[in-house]
Structure formats: C-alpha cells, structure tokens
Amino acid sequence: MNVGGEGLLAPARSAADLSPLEWKFSQVFGERTAGEEVQEVDIISAIEFDRTGDHLATGDRGGRVVLFERTDTKDHGGHRRDLERMDYSISRHPEFRYKTEFQSHEPEFDYLKSLEIEEKINKIRWCQTANGALFLLSTNDKTIKFWKIQEKKVKKVCEMNVDASKSVENGAVGSLSASSKPSLANGVCKERPISSPSNDNSIPSGGLPSLHLPVVTSHETSLMARCRRVYAHAHDYHINSISNNSDGETFISADDLRINLWNLEISNQSFNIVDVKPTNMEDLTEVITSAEFHPTHCNMLAYSSSRGSIRLIDLRQSALCDTHSKLFEEREVPGSRSFFTEIIASISDIKFAKNGRQVLSRDYMTLKLWDINMDSGPVATFQVHEYLRPKLCDLYENDSIFDKFECCLSGDGHRVATGSYSNQFRVFGCSEGSTEATTLEASKNPMRRQVQTPSRPSRSLGNLPRVLRRGADNSGADANGNSFDFTTKLLHLAWHPTENSLACAASNSLYMYYA
C-alpha cells in the first residue's frame with residue numbers, strides 16, 4: 001500500500017520534511033503558579049487561528065472569548081510584512097500579544113425542558129475579514145453568535161469656550177452688560193457689537209470672550225466587540241461543531257443527530273441537511289460527533305460518528321443529505337471486539353488538510369489520516385494511547401475514556417498533532433518515509449519529557465507496512481518514569497496555517513511553541 005501517493009502530500013519533500021522538528025517554547029498566557037487553584041470558568045475550551053495566522057482566539061468555560069494579535073509580522077511603521085513569499089521551513093519566533101476579550105455567552109435556563117444551558121464556549125470559527133474588522137462565530141450548547149470586532153476611535157471635545165472656574169472669578173459668567181445684550185428691532189433679534197478684544201481669548205471689560213465652536217479630537221482607539229447575529233432555537237441537542245463554508249456566505253452547525261445549514265445574514269432560518277434521528281429512538285445506533293466543510297469545495301462536507309466512520313456528502317445530490325457519497329471506516333479485525341471497542345472507536349474530531357485531499361480523524365486511541373479518494377481504509381494510523389489499553393476498565397470508571405481530544409494538521413500537510421494526558425501532546429510526521437513521533441509537554445521546557453519512539457507495527461495488523469502504524473508507547477509512563485496524570489489533559493490545540501507553530505491549551509494556560 002502506497003502511503004504517500006502522488007498528490008497525497010506535498011510533492012517536493014526535502015530532508016527537513018522527514019527529520020523530527022525541534023520544538024521550542026515561545027510564549028505562555030495565564031500561566032498558573034505552583035499550588036494555585038484554577039477556577040472552572042477559566043479553563044480554555046476552544047482555540048482557533050484565523051486564515052492568516054495573525055490572530056488567535058480562545059474560548060473558556062465562563063463564556064468569554066479572548067483574542068490575541070501577532071506582533072512580529074509588522075515592521076516599525078506598523079505595516080504587515082509580506083509573508084506569502086516566505087519559505088515555510090524558515091524558523092521564525094512568533095510573538096503574540098493580548099488584544100481584547102468579551103463575554104460571548106451567558107448561562108441560560110430552558111424552562112420548557114427544565115434544562116440548564118452552560119455558557120461554555122464549544123467552538124470558535126473565524127470568518128472572512130472586511131474593512132479592517134474581524135468576524136468570528138462562537139457557540140455554546142444551544143446558541144451560535146456572530147461577532148464583529150473593530151477598532152473605534154474615542155472622540156473627546158476640547159477647546160471649550162469658557163473655563164467655568166476662571167470665568168466665575170472674573171465675574172464674566174451671568175453678567176452680560178447692557179451693551180452686550182441683544183435687542184429687538186423690527187422683529188429681528190440683533191446682537192449689538194461688543195468692544196473689540198485685543199485677542200480672541202481675552203475678556204473685555206463688561207463682556208464675554210469671543211465665541212468659537214468646540215473642537216472634537218480623536219485621542220486613542222479602543223476595540224469594540226459587537227454581536228451582529230444570534231442563531232438560536234435550531235438544535236434540540238448539544239451543538240458539537242460549527243464550520244464556515246469557503247463561499248464566505250454560509251456555515252453549518254451540528255449536534256448529535258442533525259446538521260443545519262445557515263446563511264450568515266439570516267438568523268431566523270436554517271436548513272436541515274442531515275438528520276440521522278430514527279423514527280424510534282430505541283433504534284439509535286450512532287450519533288454525529290464532528291462536522292466540517294471542505295476547505296475549497298463549497299458543496300462538500302464531512303461528518304464523523306460515534307461508531308468510528310466518516311461520511312463525505314455532496315450538497316448537489318439532494319436537499320436532505322441522508323445518503324453519503326463516500327464512507328470511510330476501518331474494517332474490524334476478527335476476534336478483537338470487546339466491551340470498549342465502540343467507545344474507543346468514537347471519533348472526537350476531524351480536520352480537512354489545507355489542500356482538501358486528506359481528512360485527519362482522532363479517536364481515543366489513535367490518529368488516522370484518510371485520503372478522500374480511497375475509502376478502503378486510512379493511509380496512515382498513529383498510535384497515541386496504546387499504553388492505555390490495559391487500563392480501559394479504570395478509564396471507564398472515572399469517565400476519562402469519554403474525553404474528546406482534538407487534532408490538527410500543519411499547513412504543508414507534512415505533520416499532524418494531538419493532545420494527551422499529563423498536559424502532553426504528540427507530533428507525528430506523515431510524509432512518506434518519515435518516522436517522526438515526538439512527545440512534548442505543555443510547559444516552558446517542552447522537550448523535558450520528549451519521547452522519540454521508533455516505528456513499530458501493531459501486533460494485530462498482520463503484514464501492513466511499518467510506516468502505517470507508528471508512535472506506540474507501551475510503557476504507561478512518561479520519559480521520566482512518572483505515571484500519567486489523567487486529571488490534567490490537553491484537549492485543545494491548533495497549528496498555525498503557514499508555519500510550524502503550535503498553540504496548546506492546558507487548563508487555563510495558553511502555551512505557544514515554534515520549530
């Protein structure tokens with residue numbers, strides 16, 4: 001089986017594409033001190049780069065959205081450098097600064113269903129920018145909001161006519177002399193001339209200073225976040241995904257059983273394009289876990305299910321896309337089924353590659369890379385949690401087996417990444433011939449717990465090539481011999497769209513790395 005395949009990955013592969021990256025710490029925001037108790041509302045629950053990589057947004061369980069802006073891409077004049085021509089392999093130190101934050105969602109209560117709706121941000125997606133303003137979508141379990149973030153100039157009135165304190169001292173206020181009072185002549189109000197002052201600001205005897213219009217000046221700018229649209233009351237179940245279309249006009253939202261198509265300009269109407277709800281709920285066998293639009297084809301989208309399958313659908317085929325155009329799922333190995341098989345097969349996240357040719361999926365144990373032109377099976381599988389297989393009973397008891405880890409791909413398609421326990425994350429090389437499988441820790445020294453795991457085949461895979469399955473670490477402990485901490489988990493991370501730079505959310509802290 002050919003892992004690379006012409007067109008599967010970038011055609012030009014240098015030695016740098018195959019050698020493991022050396023990751024370095026860049027920045028941290030919100031780092032907690034030793035022993036500091038983290039508030040539940042401060043834990044980061046969503047993270048997303050925009051298309052340029054110059055802005056980063058995070059959402060937390062308290063319903064807040066925090067924006068960060070890149071500063072090292074601007075020259076001394078404040079103009080953005082041309083990064084499009086820069087080679088992807090150039091090592092650059094990205095620098096971000098806090099830009100603004102706003103309260104996106106508030107806790108609600110559904111009185112009809114006696115259901116409390118959390119303010120937690122589930123997903124954030126950037127929209128196309130216009131007129132220097134930033135636009136993004138954020139959602140909690142039930143309500144999606146469309147935000148516009150724009151710089152507004154703060155205007156102040158200065159150069160007023162009279163300084164009240166000085167005028168009172170000079171007896172000018174409220175003491176219009178008879179010579180300066182207006183008179184009525186022939187029904188027309190006429191102002192008698194006052195004595196000519198030597199300059200505009202002097203106060204003549206028995207009169208007022210000359211009047212002039214106040215001047216409005218703009219001293220500074222402030223960022224204003226304004227909610228432009230609220231898309232509500234369209235989902236009976238919890239929203240797990242939102243995704244923008246490449247047409248810039250529509251987006252989808254997905255819950256456990258349905259996917260709705262929205263127009264950004266219309267908030268009171270959506271179209272149901274996928275409905276997997278059975279007539280009898282007792283016949284329900286799977287739910288939708290994640291959905292995403294194709295990055296370039298506005299008529300294609302993919303969604304994953306709790307049974308480990310990915311369905312590719314074409315909006316041109318039917319208004320209701322209950323029938324898929326392609327189905328991607330891995331065949332079950334005979335005799336390998338257990339009580340936990342379906343639980344660990346559930347896909348928690350899917351991402352399209354930038355070129356739209358591959359789909360990356362994350363289930364509890366593995367990362368899988370799929371070619372959308374080949375539905376016989378994944379072209380590459382990366383072992384993330386193989387060491388946890390003997391501990392599935394314990395993980396089921398403490399609900400850790402239901403943790404939903406996200407995944408991401410590099411902009412050039414040569415590498416993939418996902419999170420793990422003990423605030424660790426793993427980076428794998430997916431170029432043909434690459435054996436990269438690096439374990440890093442979300443801390444100021446990411447290589448402290450680095451584990452370079454050689455490629456090794458899985459025992460249950462027969463004669464599949466070694467390159468297909470790699471990165472298995474069966475030790476059950478990190479590089480220092482410590483047992484893994486299942487209370488600290490790195491669920492959310494994002495890869496910069498054009499550079500080898502990663503943003504990782506560890507509890508309430510945002511760590512950034514570059515290679």
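All values derive from a computational prediction rather than experimental measurement. (Residues numbered from 1 in each chain as written. Predicted model: local features only at pLDDT ≥ 70, side-chain atom pairs only at ≥ 80, totals over all residues. Heavy atoms only, no water.)

> Whenever I open this one, the pairing of strand 18 (residues 288–293) confuses me. Can you help?
Each regular strand shows side chains that alternate between the opposite faces of the sheet. Taken across its six residues, strand 18 has six buried, putting it largely inside the fold. Inspection of the sheet shows strand 18 paired to strand 19 (residues 300–305) by five bridges, in the antiparallel sense. When the sheet's bridge partners are listed, Phe 293 is paired in strand 19 with Leu 301. Counting the residues between successive antiparallel strands, the hairpin from strand 18 to strand 19 contains six residues. (Buried < 20%, exposed > 50% of the residue type's maximum accessible area, 1.4 Å probe, protein only. Helix = DSSP H or I, 4+ residues; strand = E, 2+ residues; numbered from the N terminus. Pairing = 2+ DSSP bridges.)

> Please explain the pattern of salt bridges as it appears in this structure.
Two side chains of opposite charge can pair, provided their charged atoms sit close to one another. The final tally for this structure, using the stated rule, is 25 salt bridges. We note a salt bridge from Lys 123 to Glu 406, for which the minimum N-O separation is 3.3 Å. Taken together, the residues Lys 123 in strand 8 (residues 123–126) and Glu 406 in the loop between helix 4 (392–397) and strand 26 (407–409) connect sequence positions 283 residues apart. The salt bridge involving Arg 258 is made with Asp 275; its shortest N-O contact spans 3.3 Å. Of this pair, Arg 258 sits in strand 16 (residues 258–263) while Asp 275 sits in strand 17 (residues 266–275); the two residues are 17 residues apart in sequence, bridging distant segments of the chain. What makes Arg 258 buried here is its relative accessible area of 19%. Using a relative accessible area of 23% as the deciding quantity, one classes Asp 275 as partly exposed. (Salt bridge = Lys/Arg side-chain N within 4 Å of Asp/Glu carboxyl O.)

> Would you mind showing me how to read the sheet that holds strand 28 (residues 424–429) here?
In space, the four strands of this open sheet follow the order 26-27-28-29, with antiparallel pairing throughout. Every interior strand has two partners, whereas the edge strands, strand 26 and strand 29 (437–441), have only one. Neighbouring strand axes in the sheet, compared pairwise and without regard to direction, differ in orientation by 20° on average. The sheet contact formed by strand 26 and strand 27 (residues 415–419) spans three bridges and is antiparallel. The partner of Cys 407 across the bridge, within strand 27, is Thr 418. (Axes fitted to C-alpha atoms, helices over the stretch in contact; angles between N-to-C directions.)

> Before we go on, may I ask you to explain a nonpolar patch on the surface in this structure?
Among the surface-exposed residues, Val 157, Met 160 and Val 216 lie close enough to one another that they form a single nonpolar patch of about 300 Å² accessible area. When you line up the elements, Val 157 lands in strand 10 (residues 144–158). (Patch = residues over 30% accessible without salt bridge, like charges linked within 9 Å, V, L, I, M, F, W, Y side chains within 5 Å. Areas by Shrake-Rupley, 256 points an atom, 1.4 Å probe, with all protein chains shown as cover.)

> I'm lost on the pairing of strand 23 (residues 358–362) in this one. Help?
Strand 23 sits mainly inside the fold: five of its five residues count as buried. Alternating positions in strand 23 separate into two faces, Gln 358, Leu 360 and Arg 362 on one and Val 359 and Ser 361 on the other, with burial throughout. Relative to strand 23, strand 22 (residues 349–352) runs antiparallel, the two being bridged by four bridges. The residue of strand 23 that forms the bridge with Lys 351 is Leu 360. Between strand 22 and strand 23, which pair antiparallel one after the other, the connecting turn spans five residues, and Gly 356 there sits at a positive phi close to 80°. Pairing between strand 23 and strand 24 (residues 366–371): five bridges, direction antiparallel. Bridge assignment links Leu 360 to a residue of strand 24, and that residue is Leu 369. The turn joining strand 23 and strand 24, which pair antiparallel and follow one another in sequence, is formed by three residues.

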